[in-house]
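# Structure assessment
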Amino acid sequence: MQNVSLNQGLQIAMQQINAGQLGQAQNVLNQILSKVPSHPDARHLLGVTYLSQGRYKEAENEIRTSLKKNPTFAMAHYNLGNALFAQEEPDKAITCFKKALKLKPDYLQAQRRLADAYYTAEKFDQAESTYRDLMKKLPHDVGLIVTLADMLDTIGQWDPAIALYKQAIDMKPDESVIYTKLANTLNQDAQHEEAEKYILKALELNPDHHSAHMAHSYIMLSQKKPADGLAAANRALEIFPGETTAVAWKMTALDQLGGGEEYDRYMDFDTFVRPEWVDVPDGYKDIDEFNEALVQHVENHPKLFAFDHYEVTRYGKEVKDIYSEPMGPVAHLKAAMEKHVANYIANLPDDPDNQFVQTAPKKWRIKSWANILAGPGRQIAHIHGEAWMSGCYYVRLPDIMKSDDNPKHSGYIEFGQINDEFPMLETDRLKFLQPKEGLVALFPSYLYHSTVPTESEQPRIAIAFDVVPVK
Ligand SMILES: [Fe+2]
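Residues numbered from 1 in each chain as written. Predicted model: local features only at pLDDT ≥ 70, side-chain atom pairs only at ≥ 80, totals over all residues.

With that settled, consider the overall build of the protein chain. Helix and strand content of the protein chain: 21 helices and 10 strands. C-alpha extents for the protein chain along the principal axes are approximately 85 × 60 × 45 Å. Within the protein chain, the fraction of its 471 residues that count as buried is 42%. Sequence-distant contacts in the protein chain: of pairs separated by 6 or more residues, those separated by 24 or more amount to 62%. (Helix = DSSP H or I, 4+ residues; strand = E, 2+ residues; numbered from the N terminus. Buried ≥ 20, exposed ≤ 12 C-beta atoms within 10 Å, placed from the backbone. Contact = placed C-beta atoms within 7 Å.)

This is the structure we're talking about:
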């Protein structure tokens, strides 16, 4: 009799979870657990309710307890993977998804999440083979194809990315977003006219598609048609005032059109690019001791990975999320960066016509990563499209960067240069900033910047960050 009521209770809880009544489901499950504290199904479902509420650590704990009692419960391994993935532990999540698949080989949701976790963990080959295997099993899943194409685009594999986007368009010919992605990839692959064809189709499907106007602007600029590039950027800025990438395209267009008063206001490096010294945090005798602690933390970080081509960096090493636990000395740096950002915002000029100034966020969070460059390692010209402002703290630099005899500006950060496709015409606008250990450079995210290779064996270690507005 008790079993029947327990099973009924579980059924009710499951229906409540499916209906989004999480608090009610938790009441029912806690009643069951007060009678049978180790009931694996009830523990697992309680964990699922926490997962839906974003209470990932609690979800992890409940599901682990469930698995102690029932270690062959495939769905519990899957959901434990989800809880760990959400806590930015993709490697641990991979182990869980694999266990779920071993217990239940046709568990497609677990295979999908496994592929996503490989992608997030930068295990691109394994991610690709897992996505491709899934695509055979789910041949009508367009989202899967687009996700794989996005990943291949990120790592610079344009030909297969283009093929996949075209496959997705054949299956979903009315989706403006996919045409836009394809157009962007074609443009990166220097197929500008093809790119233009697809972006015009994207805009025909959705004339108010902000990203499509931005891609349109970029493609026009790549073809040295600045007036068209400017019109598209302005259209994008009507939809989202101050949007970082659109401002960057607009500045490029204005530069190609000869500058002007509005250009001068946004490209005012003296006002907006600010190098500032960071105070020695408590507990360190000087900035060098603090920097040495950061060097050890970055160089020995379990998430440090090396690559030839990753996003805008060539031949480097990176820790993607340096604010993840254990933070060690980075906790002090985080506090310092928050202070510098608040100060930057408080001291912005009073300019009612500058969308960057006018969209300064009231609430924001910082996203931060570390990179190590040596020899030919460099960052190609880029902006930080997701952020409002960005910064970079210099931890350890090779000797050449400390020398007065450095005519090539080795290791410097250069502002203003766009890229080889459309160099800035007003070359006197270029600004080289000399990084120094203990210095943070703060700048608007729309400003193009790149780094000059050091050509040195000694590492150039920096911790970069983005200030992302929070609504
Ligand atoms: Fe950057």
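Before going further, it helps to examine the sheet that holds strand S2 (residues 305–310). Strand order in the open sheet formed by seven strands is S1-S8-S5-S10-S4-S3-S2, and the pairing between neighbours is antiparallel. Looking at strand neighbours, the two that pair on one side only are strand S1 (274–277) and S2, the edges of this open sheet. Each adjacent strand pair in this sheet contributes to an overall mean axis angle of 30°, direction not counted. Note: strand S3 (residues 313–319) against strand S4 (residues 364–379), six bridges, orientation antiparallel. Within the sheet, the bridge partner assigned to Thr313 lies in S4 and is Gln379. This element, helix H18 (residues 287–299), spans S3, S4, strand S5 (389–396) and strand S10 (460–469) of the sheet and lies at about 100° to S5. Packed onto the sheet, helix H19 (residues 330–346) meets S1, S4, S5, strand S8 (439–444) and S10 and runs at close to 45° relative to S8. (Pairing = 2+ DSSP bridges. Axes fitted to C-alpha atoms, helices over the stretch in contact; angles between N-to-C directions.)

This next bit is on the sheet that holds strand S6 (residues 413–415). Read across the sheet, three strands follow the order S7-S6-S9 without closing on themselves; strand pairing throughout is antiparallel. Where the open sheet ends on each side, the last strands, each with one partner, are strand S7 (431–433) and strand S9 (449–451). Taken over all neighbouring pairs, the strand axes of this sheet differ in orientation by 25° on average, direction set aside.

The sheet contact formed by S4 and S10 spans 10 bridges and is antiparallel. Paired with Lys367 across the two strands is Asp466, which belongs to S10.

Time to look at the pairing of S2. The pairing of S2 with S3 spans five bridges and is antiparallel. Across the sheet, residue Phe307 finds its bridge partner in S3, namely Gly316. Between the end of S2 and the start of S3, which pair antiparallel, lie two residues, with Glu311 showing a positive phi angle near 50°.

The terminal C-alpha atoms of helix H14 (residues 226–239), which comprises 14 residues, lie 20 Å apart, in line with the 20 Å expected from a rise of 1.5 Å per residue. Among the residues of H14, those classed as buried are Pro226, Gly229, Leu230, Ala232, Ala233, Ala236 and Leu237. Down the axis of H14, the buried side of the element spans an arc of 165°, and every buried residue falls inside it. Every exposed residue of H14 that faces more than 90 degrees away from the buried side is listed here: Ala227 and Glu238. Packed against the buried residues of H14 are helix H13 (210–222), helix H15 (244–256) and helix H20 (355–358). (Expected span 1.5 Å × (residues − 1). Arc of directions from axis to C-beta.)

Looking now at the domain arrangement of the protein chain. Here the protein chain is partitioned into domain 1 (2–139), domain 2 (145–260) and domain 3 (271–469). A C-alpha centroid distance of 38 Å is found between domain 1 and domain 3. (Domains from an automatic or database assignment.)

Let us now look at helix H11 (residues 176–188). Given a rise of 1.5 Å per residue, 13 residues ought to cover 18 Å, and the 19 Å separating the end C-alpha atoms of H11 matches this to within 8%. Taken across its 13 residues, H11 has 10 buried, putting it largely inside the fold. For H11, the complete set of buried residues consists of Ile178, Tyr179, Thr180, Lys181, Leu182, Ala183, Asn184, Thr185, Leu186 and Asn187. Check the buried side of H11 and you find it contacts helix H9 (142–154), helix H10 (158–171), helix H12 (192–205) and H13. Two residues or fewer past H11, Ala190 is found with a positive phi of approximately 65°.

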